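Chains, contacts and geometry: an overview
Single-letter residue listing:
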Amino acid sequence: MNWKIPLSDIYFSTRESNAVLKVLKSGWLTMGAVTQQFEQEFATYTGAKHAIAVTNATAALHLACLVADIGPGDEVILPSLTFVATANAVRYTGATPVFADIESEETLNISPASIEANINEHTRAIIVVHYGGYACDMPAIMEIASRHDLVVIEDAAHAIGSSLEKRMLGTWGQTGCFSFFSNKNMTTGEGGMIITNDDALAEHLRRLRSHGMTSVTWDRHKGHAWSYDVVDLGYNYRLDEIRSALGRVQLSKLDYYNEHRQKITVLYREWLQALVPAIKIPFRNHPGKSACHLMSILLPSGTDRRQFMDSMKERGIQTSIHYPPIHHFEAYRSNGQQTVSLPTTEAIAARELTLPLYPTMSSDDIVLVVRSVQGSLQEQ
Ligand SMILES: Cc1ncc(COP(=O)(O)O)c(C=O)c1O
C-alpha cells in the first residue's frame, strides 16, 4: 500500500550506512567491540550502571523474568493493554501472567490500585509498560512492590528517552527492557537492551544471553579466555555488530528526534482539540518527559472503528490499534487463565486508535491527518 502518511517511518543518513559498512569491512560480525560500545553508550544515556544488548525486547523481558527467579507456580502482574510479548515472556518461564486494569481514559497505564487488588501469596513480580512512552505511576508502584516484596520489571519498549522525576524510565525497576524494532523511536531492525544497576544481575544476564557460558567467542578471539564452562541453561539472545553499529548512530540522534516527536504531539493535541473535540486524547499534562512513541486517540463511544480506519485508509492515512487486549486472545483464553474483569481496559481498548507519528512529519502532514480524522468521523 502506498500510504500518503504511514504510521511510522525510518530515516537513515550516510552515518548509518557508513557505520554498517565499517563493520562489514572489519570482518567481525558477531557480538564484540561495537556491541560493547553500544552497551556503554546506552548505559550512559539512561544513567544505568549496566546495559546488556540482546536480540529483541521479548528476549530482554524473558531474561528479566529469569534473573528475577520467576518460574512455575509464580504469578506476575501486568497490564493486558500491551503487546503480547510482555505476557509471553512471563509464560516462557512457566509462571502465570495476571492481568491488572489500566488507570483511566486519561492514563492508559497499569493502575496501582488494580495491581494491589491482584496481589496474593503467589505474586512474585510486577511488569509495568510505559504505554506510548508515558510513565507509569512509578512512585506508587515501587511503594507497593516494596511493601509486598515484589520485583518490578519495566517494559520500556516505547519509552527510550522517557523520564519521570528526572529519572530515566527503565531505571526505576530491577531491570528495564527496551526494543529497537523498526517502528520504535530508535531502531536496529530487530534488537533490544536490558538495563540494571545490580552487578550480580548484570553478570547473570550476560551469561544467559550467551548459552550460560562463562566466556564468549569475542573474549576468546581477544585471547582473554581459551575455554569456558556452562553454568546456566542459557540462550542465544545476542545482538550482532551490524545492528549495534546501527544502534550507536541511532542513539546519538535519539534526543533530536524525540524532541520532534514531542513538538508533533503538541500540534496534534492542539489541532485535534480545536477541530474534532469529540476525540479524547489521553495523557494530557502527564507527569515526566515522554518519548512520544505513540499518538493514541480515543474515538467517541459507538464509533465503528473498522469503518473509521477504512475511511482513513481511503484518504491515504495509515492507522493502527494499540492494543487488542491480551486476555481476549485465543492463546490466553485457553491458557486456564482466571476470568478477568478489566472494565477500563475493555472500554478503552474498544475505542483506541493510533495516528501516524514519526519525527519528520511536517505541519502539513499533521493537518492532513487531523482533517482526515474530522472527515472520517463525519462519515460515521
Ligand atoms: C510494549 C512492548 N513490549 C515488548 C515488545 C517486544 O519488542 P521486540 O519486538 O523488540 O521483541 C514490543 C514491541 O512492539 C512492545 O511494543
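Rules used in this analysis
Residues numbered from 1 in each chain as written. Predicted model: local features only at pLDDT ≥ 70, side-chain atom pairs only at ≥ 80, totals over all residues. Pairing = 2+ DSSP bridges. Helix = DSSP H or I, 4+ residues; strand = E, 2+ residues; numbered from the N terminus. Axes fitted to C-alpha atoms, helices over the stretch in contact; angles between N-to-C directions. Contact = placed C-beta atoms within 7 Å. Expected span 1.5 Å × (residues − 1). Buried ≥ 20, exposed ≤ 12 C-beta atoms within 10 Å, placed from the backbone. Arc of directions from axis to C-beta. Domains from an automatic or database assignment.

The next point concerns the sheet that holds strand β8 (residues 175–179). Strands belonging to one sheet form pairs held by backbone hydrogen bonds; the direction of such a pair is parallel or antiparallel. What the 7 strands build is an open sheet, ordered β1-β9-β8-β5-β4-β2-β3; its pairing is mixed. Two strands close off the open sheet at either side, each with one partner strand: β1 (50–54) and β3 (96–100). Neighbour to neighbour, the strand axes of the sheet diverge by 25° on average, direction disregarded. Sitting on the sheet, helix α2 (residues 33–46) is in contact with β1 and β9 (192–196), with an inclination near 130° to β1. This element, helix α7 (residues 199–209), spans β1, β8 and β9 of the sheet and lies at about 10° to β1.

An ideal rise of 1.5 Å per residue puts 20 Å on 14 residues; α2 measures up with 20 Å between its terminal C-alpha atoms. Within α2, the full set of buried residues consists of Val34, Thr35, Phe38, Glu39, Phe42 and Thr46. Looking straight down α2, one finds that the buried residues subtend no more than 140° of arc, so they occupy a single side.

Before going further, it helps to spend a moment on the domain arrangement of the protein. Partitioning the protein into structural domains gives domain 1 (14–250) and domain 2 (255–378). On a C-alpha basis, the centroid separation for the pair domain 1 and domain 2 is 25 Å. Residue assignment for the side of domain 1 that touches domain 2 shows that the elements contributing at least two residues are α4 (84–92) and β6 (163–164).

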